Every structure is written in structure tokens, then in C-alpha cells.
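Tertiary structure, described
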Amino acid sequence: MSELKIGTIVKLSNGTSAKVKQELGKGGQGVVYLVEVSGKKMALKWYHKHPGEAFHKNLLNNVRAGAPASNFIWPLAVTEEMNGSVGYVMELRPKEYQDMSKFILTHAKFADVHAQLNACLQICTAFQKLHIRGLSYQDMNDGNFFINPKTGDVLICDNDNVAPDKTNMGILGKAGYMAPEVVEGTTMPNRYTDYYSLAVCLFILIYMNRPFEGAWHLACPCDNNPEMARRLFGFESVFIMDPTNTKNRPVPGVHNNVIRRWGVYPSFLGKAFCKTFSSQAIKDPTQRLMDKQWYNILLQIRSMYARCPHCGKETFIDVMGDARCIFCQKTISVPSLKVGRFTIPLVEKQSIYSCMVSDEQDRNIKAAEVVIKGGAAGLKNTSDTPWTAMLPDGSVRVINKGEGMPAKPGLKVRFGQGETGEFI
């Protein structure tokens, strides 16, 4: 086993060097050290043994290409070989970021639903950018994500296993997160196995329980039993909320989080998980939801989280299902804007984001705000782009920044050169 002594100086591929200051942690692959590079504190992951030439070459390629998104704590430089091994340097993780596993154990909690959804959206965006490059992550699990509980900002670590799709660096994944075909040994990690692992992580962050660990899992512990683990997480696996197969349902007193939350979030979110974890998608990876599809679903979910017009508390207004406040239990009947693939409830001070009505990539830029006057809803243009309002008689008028229009059924509005929405 190759380890470095405090004070050791290691040369880097970018011409600089790293001085080892202290050990930060140790895992199965290697040791992480605090190092100093050109006066800056950074982290160095040093492998217990040389990972092999193919792995080393892939690591160098990733360094040259740079990170696909700012969320990735990406390898910045690879070390020269020393003591029969190598390593790479990366940025340090800020202290306010918590390991995703702490959220599962409720040792860390999101400040609110906005932070929770922001974390899920950032994860989807980051992996979409990675997949667009033709890469796959291959080892997605709760140990890869660090999340700021206040904001939901996400940092993704352990990126040394990232490789071109259908090229594997020897890491299969973690039990409960690996796709069934990897568990069964019929394929190596790839883009489609990433989609499966992504859905597992999203389910955990939203419902705070693991999607395949219910009554069946409790009755058949898989510790030291590889055959049972294969059945529980391979092609025979059963989603705990499967609408037709009840053998692995959540157990009251054990899986309380998902029991409580399943009916709180809009029903179409649950249907999306039922689809991607269905027996068909378990065996056919092409039927799984992709990162972009999850991103759009989560944008829709975010648009439904608004203040109840009856009690004023934030709730999900499920315009596609039972629009009932989770607090006062009163039915919520409000006008909606149907635009593109989204249906947005219109309640006072609700924001409509540019990414939902145009090709804007930044999901936090606002295009409009809902205003209520005399009990009637209207839409105020908060963007720099003029809109075109289309009236039932065929006439049109321009809505500039700061101006508004009524949200009456039958009226349509075109958001600049973007989507055309209709009030319903």
C-alpha cells in the first residue's frame, strides 16, 4: 500500500508541485490529503496502488478536457508516479456542504423545498452536460454528492471514474444504486446505467427513503448473501411504490418518510418514478427517463410549489391531479398557464421562469410574476423581452417590461421569440 508522508512534495502534470500537509480521509481506493499548490490549499487523492495505465491515461484526458459543469470537483492535475502509485489534485470541498448520506439519515436537512428542488435540478443539469460530452459517470451513489442544506447547491466528487460511454475503468458501483444489468453482470456501466442511478438519487433526495428497500428487503437481508442481493437489486427487483406489485411496500415505522411524502408531492412525479422503476424499465434500459426528462419534470414541480390562496402556506398546487393544500386541506381552484410542456398554476407572487417559456438556459432567471387585483389574476412582464398578447378578436398588443395583462381563459401570450402560452 502506497501512502505519502507529511511534507512530501509531489510533482504535477501542469508543471507545479503539491506539498502534503495532512491526511483528510481514507477509503477503499486511496487516501485524500490536504496539500498546498502554489500557496493554495487543495486536496490530493492518492491511490493505494497504481490504478493501471488505461485509468491513468483516462484521468489525464479528463484533466485536459476540463469539467463539464461547475458542480464537478474535477481533477485539475495528475501527479507524477511516486512509490509505485499516482494521484490527482482537486479543489477542496467547502465546509458548509454536507454528504448526501447525512440527508438520508436526517443528520442534515434542507432549509426548505426550494433548496431540495434546487439540488435535484443541479444534479440533472450536471449529468446532462456530462452525457452530452459522450461521457458516463459509472459510479453514482450517495457518497458522490455534497450539498449545501441552505441553498441546495451541489458539488460532485470522485470524478476519476468518469470515462467515455461504454468504456469502463473497473468500478461497477454501489449496491442499491447500480442498474440491474450491472448487478446481473450482463453489461458494464454506461449512459443508461447512469440514468438508473440518477433516478435512485433523485428518489432518495425527494422521498428520503431508498427505492428498492421495503418489506421484501427487510425480510430477506442481503448482507453476506450475494445471491439475495442479486435478486433484490437485479432483474427481479421491485420498486417500493410499484402500482401492481406490493411485495416490497414501505413498512410503517421503518419507511415513514416515503409513506408520508408520497402523497404530498404532485401525483405525476410519483408516476414518473413508477415508470422509470417499472419491471419493463428494469429489464429495458431504453425505457428509463433521461436526465433532460427529469429536469423538465422537476421544473414543473417547482412551478407548482406556491402559496395556498386560502391559508397562505406554501404547498404543491397539483394542476394535473388533486389541487388540495397539504396544510388546510382546502381545494385550490386557480387559473393556469399552459405553455409548451408545462402547466403553471397562477397564484399571487408566483414566478414564471424564462427557461420554461424560452430557450434560456439559466433556470433562475424570471420572466414573469403573477399579480392579483380585485380577485383576478394577471401576468406582469419582469423580463427585458417584450411579449405579444393575442386577444380573442384577433388583435394583438405588446407587453413591455413592467407592464401586465389579464390571465383570462382564452387569451394567449407569446414570450418574445419563445413559446406561446394560453391561459386556462
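To be clear, the structure that these remarks concern was listed above.
Residues numbered from 1 in each chain as written. Predicted model: local features only at pLDDT ≥ 70, side-chain atom pairs only at ≥ 80, totals over all residues. Heavy atoms only, no water.

**Points about the packing of aromatic side chains**
Taken as a whole and assessed by the stated rule, the structure comprises 26 aromatic pairs. Between Tyr47 and Phe55, the ring centres sit 5.5 Å apart and the planes meet at 80 degrees, which makes this aromatic pair edge-to-face. Judged by its relative accessible area of 5%, Phe55 is buried. With a centroid separation of 5.7 Å and 80 degrees between ring planes, the pair formed by Phe72 and Trp74 is classed as edge-to-face. In this structure, Phe72 and Trp74 share a single accessibility class: buried. Seen from the ring of Trp216, Lys247 lies directly overhead, with NZ or CZ sitting 3.9 Å from the centre. In this structure, Arg302 packs its charged tip against the face of Tyr353, placed 3.8 Å from the ring centre. (Phe/Tyr/Trp six-rings, centres within 6.5 Å; stacked < 30°, edge-to-face > 60°. Buried < 20%, exposed > 50% of the residue type's maximum accessible area, 1.4 Å probe, protein only. Lys NZ or Arg CZ within 6 Å of the ring centre and 35° of its normal.)

**Some remarks on the environment of Thr125**
Position of Thr125 relative to the elements: it lies in helix 3 (residues 113-132). The spacing of Thr125 and Pro345 is 220 residues in sequence and 24 Å in space, taken between C-alpha atoms. Contacts of Thr125, omitting those with residues within four sequence positions, involve Tyr295 and Arg363. Separated by 3.3 Å, the side chains of Thr125 and Arg363 make a polar contact. (Helix = DSSP H or I, 4+ residues; strand = E, 2+ residues; numbered from the N terminus. Contact = heavy atoms within 4.5 Å. Polar contact = N/O pair within 3.5 Å; in protein donor to acceptor, adjacent residues only side chain to side chain.)

**A closer look at unusual backbone geometry**
Located in the positive-phi region is Thr106, a residue other than glycine, with phi close to 60 degrees. Position of Thr106 relative to the elements: it lies in the loop between helix 2 (100-104) and helix 3. With phi around 65 degrees, Gln329 is a residue other than glycine that occupies positive phi space. Among the secondary structure elements, Gln329 is positioned in the loop between strand 13 (314-316) and strand 14 (336-339).

**Quick word on a positive patch on the surface**
A contiguous patch of positive charge on the surface is contributed by Lys19, Lys21, Lys41 and Lys95. Structurally, the position occupied by Lys19 is in strand 2 (residues 17-26). Among the residues examined, Lys19 registers a relative accessible area of 39% and is labelled partly exposed. (Patch = residues over 30% accessible without salt bridge, like charges linked within 9 Å, V, L, I, M, F, W, Y side chains within 5 Å. Areas by Shrake-Rupley, 256 points an atom, 1.4 Å probe, with all protein chains shown as cover. Salt bridge = Lys/Arg side-chain N within 4 Å of Asp/Glu carboxyl O. Lys, Arg positive; Asp, Glu negative; His and termini not counted. Charge placed at Lys NZ, Arg CZ, Asp CG, Glu CD.)

**Topic: the packing of helix 9 (residues 267-276) against helix 11 (residues 291-304)**
Where helix 9 meets helix 11, the axes come as close as 10 Å, and the angle between the chain directions of the two elements is 160 degrees. By the criterion of interaxial angle, the relationship of helix 9 to helix 11 is roughly antiparallel. Considering only the axes of helix 9 and helix 11, their crossing is left-handed. Here Phe268, Leu269, Ala272, Phe273 and Thr276 of helix 9 lie close against helix 11, whose contacting residues are Trp294, Ile297, Gln300, Ile301 and Met304. (Axes fitted to C-alpha atoms, helices over the stretch in contact; angles between N-to-C directions. Parallel < 35°, antiparallel > 145°, perpendicular 65-115°, else oblique. Left-handed = near helix turned anticlockwise from the far one by under 90°.)

**A closer look at the packing of helix 5 (residues 191-207) against helix 11**
Remark: helix 5 packs on helix 11, axes separated minimally by 10 Å, with the N-to-C direction vectors making an angle of 25 degrees. Between helix 5 and helix 11, the crossing angle belongs to the class labelled roughly parallel. Facing helix 5, whose interface residues are Tyr195, Leu198, Ala199, Leu202 and Ile206, helix 11 presents Asp291, Trp294 and Leu298.

In short, the description is geometric, and any link to function would need to be established separately.
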